[in-house]
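# What the coordinates show
Residue strings, one per chain:
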Amino acid sequence: MKQTLQSWLRVLGVERLLLRVLLGACVVAFNFSGAATAATAAPPNVIFIVTDDQGPWALASESTSQALTPRLDRLAREGVVFRQAFCASAICSAARAALITGRYPSETGLLDFIADNGRNGMSLALSTWPGVLREAGYATALVGKWHLGHARQEYLPTARGYDFFSGYPIGGKTSQSPSVEVEGVWKTFAGEFTTEVLTDLAMDYVRRLRGRPFAISLHYWAPHANQGVPPGFKLPYDDRTWLPMKDEDIAPWRDQPIRAPEPPAPQLDVPRYERIMREYLASVHGVDRNVGRLLDLLDELGLARDTIVVFTSDNGYLLGQHGLWHKGSGWWLTTDRRDPAQLHGATRFNLYDESIRVPMLARWPARIRPGTVVREPVSHLDWFPTLLDAAGKGSGSVAELRGRSLMPVFAGKSRDGDGTLFFQYVHLRGLRTPDWKLVRDFKAGRDELYDLRHDPGELTNLLPARDERAASAHRNLLDQLERRMREIGDRGEISTPSAGTKE
Ligand SMILES: [Ca+2]
């Protein structure tokens, strides 16, 4: 029979081809299991990329997106994309502290951003994931924005887990000619673009560290708007610009029609919206191009296979949705420029999904199957236990982390749990289940309830409840919210935003 089959294949001229295919399949199978074994033996490198203020709708792979992000799309195809990823707060410092400590904002001491003249910083009592990796033998580096405390030496990144720091302890500020502290010495990169400068610094670091396991946090300033108006710009209202930036980044949008936000916003100030959206998408394009440079370097150095590359943003972003722009501290982008509810004054504090949902991708060829799409809700809080697992320390090796390891998700399994997430931002607390969202405003003494299943755009606040279904959901979610708050000692204190500054 065997003889017959071989003769038959030879006649068809496919014997050699078949053998090659079978051998190829064996090699692929061997590589996958072999790599998995190697990954458990040798901890992977980590490159953790965090953009600033990027909504997930600003990734081309999202269905309603107008973005142009070919390199990030490739990263998603080669790894995993999380469709329901959330940060823990709706503003920079609060969200970043939660990401790096795996604890809720009220536990880190940061429920808001840190002002330039702020004396506060992230709680010194908590571990950070770079700190734990450093203890495990990793070389650890932060390149870019810190924003978790700068008034005391103990608050600085080099005291909180990083061996190496090149960036800015406070905010960032501009898209061009940034002043950056490079290994302890301030330097102004006159005429250069910030996204390129930070990428260059990260690439230099990777080149230096060949042969030693490393964990790099690369925290871009983009696509955050410039703070202050750059020379030569005149802007109406209190607007901001993302310019100047490289022509190759802005060019694709110059004559491109800009689509209306989804869901549509009545009384949207369309010319303002379109100008801001063009610049914002151009800024994201600059990030994409530069992430591509870094990924090319990993290929060149043969490091891609054993490096986890994570891409996310510190918080989400509103651009037109609900008639707002910005994040948890939403500003009006409507022609009437006022809050229809007349409850929040000029700033519409919010925990809309646009402010708390973030882009999240990860590639780790040794452990993540290419093309994985995860639809279960995940949190930034999940990264600390995940990275402990990846480094072979075990996700439970640091006490009281609030998230859960993503390792089962990487392997295509779903985790137990009902997908409920909890959020804190200044005086707002939010509880989100896959079907409902409750937001309690401790300052205004007001609750908002959204039926996410039937109203995913959060257009209709169901409170005060007009039927038993809404009333019952309200009671149930409030119970859960209060329980979460009790569990972490959150008394719902009303902290006020830092006076005299704008994030
Ligand atoms: Ca931010």
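Throughout what follows, the structure given in this document is the object of discussion. (Residues numbered from 1 in each chain as written. Predicted model: local features only at pLDDT ≥ 70, side-chain atom pairs only at ≥ 80, totals over all residues.)

So, on to the overall build of the protein chain. The helix and strand tally for the protein chain stands at 13 helices and 20 strands. Taken over 503 residues, the protein chain has a buried fraction of 47%. Here the contacts in the protein chain between residues at least 6 apart in sequence split such that 66% fall between residues at least 24 apart. (Helix = DSSP H or I, 4+ residues; strand = E, 2+ residues; numbered from the N terminus. Buried ≥ 20, exposed ≤ 12 C-beta atoms within 10 Å, placed from the backbone. Contact = placed C-beta atoms within 7 Å.)

Turning to helix α3 (residues 70–77), its buried residues are L72, L75 and A76. Viewed end-on, α3 has its buried residues packed into an arc of 100°, placing them on one side of the element. (Arc of directions from axis to C-beta.)

Take the sheet that holds strand β10 (residues 318–319) next. In space, the four strands of this open sheet follow the order β10-β11-β12-β13, with antiparallel pairing throughout. Two strands lie at the open edges of the sheet, namely β10 and β13 (347–349), each paired on one side alone. In terms of strand pairing, strand β12 (residues 329–332) meets β13 through three bridges, oriented antiparallel. By the bridge assignment for β13, W331 is matched with T347. (Pairing = 2+ DSSP bridges.)

What describes two packed helices is the angle between their axes and the distance between those same axes. Packing of α3 against helix α9 (residues 270–300) leaves a shortest axis separation of 7 Å and a crossing angle of 55°. Here α9 runs oblique to α3, going by the angle between their axes. For the pair α3 and α9, the contacting residues are P70, R71, L72 and L75 in the first and D288, R289, V291, G292 and L295 in the second. Class assignment for the residues of the contact of α3 with α9 results in five nonpolar, one polar and three charged. (Axes fitted to C-alpha atoms, helices over the stretch in contact; angles between N-to-C directions. Parallel < 35°, antiparallel > 145°, perpendicular 65-115°, else oblique. Nonpolar A, V, L, I, M, F, W, Y, C, P; charged D, E, K, R; others polar.)

Counting residues in each nonpolar core, the largest one holds 127 residues, and the members touching the most others are I216, L361, L387 and Y425. In terms of residue count, the dominant contributor to this core is α9 (ten residues). Apart from the residues within four sequence positions on either side, L361 is in contact with L72, L75, A76, G79, V80, V81 and F311. (Core = buried A, V, L, I, M, F, W, Y, C linked by C-beta atoms within 7 Å.)

One can describe the packing of helix α7 (residues 194–208) onto α9 by two numbers: an axis separation of 10 Å at closest approach and a directional angle of 15°. By the criterion of interaxial angle, the relationship of α7 to α9 is roughly parallel. Along this stretch, α7 crosses α9, giving a crossing that reads as right-handed. On α9, the residues touching T195, E196, T199, A202, M203 and V206 of α7 are G286, V287, N290, R293, L294 and L297. Taken together, the residues of the contact of α7 with α9 sort by class into six nonpolar, four polar and two charged. (Left-handed = near helix turned anticlockwise from the far one by under 90°.)

The next subject is the pairing of strand β14 (residues 360–363). Because side chains alternate across β14, one face comprises the buried residues M360 and A362, and the other comprises L361 and R363, equally buried. When strand β2 (residues 80–82) meets β14, the two strands line up antiparallel, connected through two bridges. Residue pairing across strands places V81 opposite L361, the latter belonging to β14. One ladder, built from four bridges, connects strand β9 (residues 307–313) with β14; its direction is antiparallel. Considered in β14, the bridge of V310 is made with A362.

Bringing α9 into the picture now. With 31 residues, α9 ought to run about 45 Å at 1.5 Å a step, and its terminal C-alpha atoms sit 45 Å apart, in line with that. Of the residues one or two after α9, G302 is the one with positive phi, at around 70°. (Expected span 1.5 Å × (residues − 1).)

Attention now goes to the pairing of strand β4 (residues 139–145). Across the seven residues that make up β4, a large majority, six, are buried. Two elements, β4 and strand β8 (residues 214–219), share six bridges in a ladder whose sense is parallel. Among the inter-strand pairings, T140 is bridged to a residue of β8, identified as A215. As defined by bridge partners, β4 adjoins strand β5 (residues 164–168) across five bridges and the pair is classed as parallel. Its bridge partner being in β5, K145 is matched across the sheet by Y168.

A few words now on the sheet that holds β14. What the ten strands build is an open sheet, ordered β7-β6-β5-β4-β8-β1-β9-β14-β2-β15; its pairing is mixed. The strands lining the two open edges of the sheet, one partner per strand, are β7 (185–188) and β15 (372–374). On average, each strand axis in the sheet is inclined to that of its neighbour by 15°, with strand direction left out of account. Pairing geometry for strand β6 (residues 179–182) and β7, over four bridges, is antiparallel. Bridging from a neighbouring strand, E181 pairs with W186 of β7. Its contacts with the sheet place α3 against β2, β9 and β14, and it is angled at close to 60° to β14.

P263 follows E262 through a cis peptide bond whose omega is 0°. One can find P263 in the loop between α8 (247–250) and α9. Cis rather than trans, the peptide bond between L463 and P464 has omega equal to -5°. For P464, the position within the fold is in the loop between β20 (446–451) and α13 (468–487). For D53, which is not glycine, the phi torsion reads 70° and is therefore positive. With respect to the helices and strands, the residue D53 is situated in the loop between β1 (45–51) and α3. Residue D53 is classed as buried on the basis of its C-beta count, with 26 C-beta atoms lying within 10 Å. Of note in this structure, E458 is not a glycine but carries a positive phi near 55°.

Turning our attention to the environment of L303. Inspection of the secondary structure puts L303 in the loop between α9 and β9. Those residues in contact with L303 that lie beyond four places of it in its chain are N45 and L298.

By themselves, these figures tell us nothing about what the structure is for.
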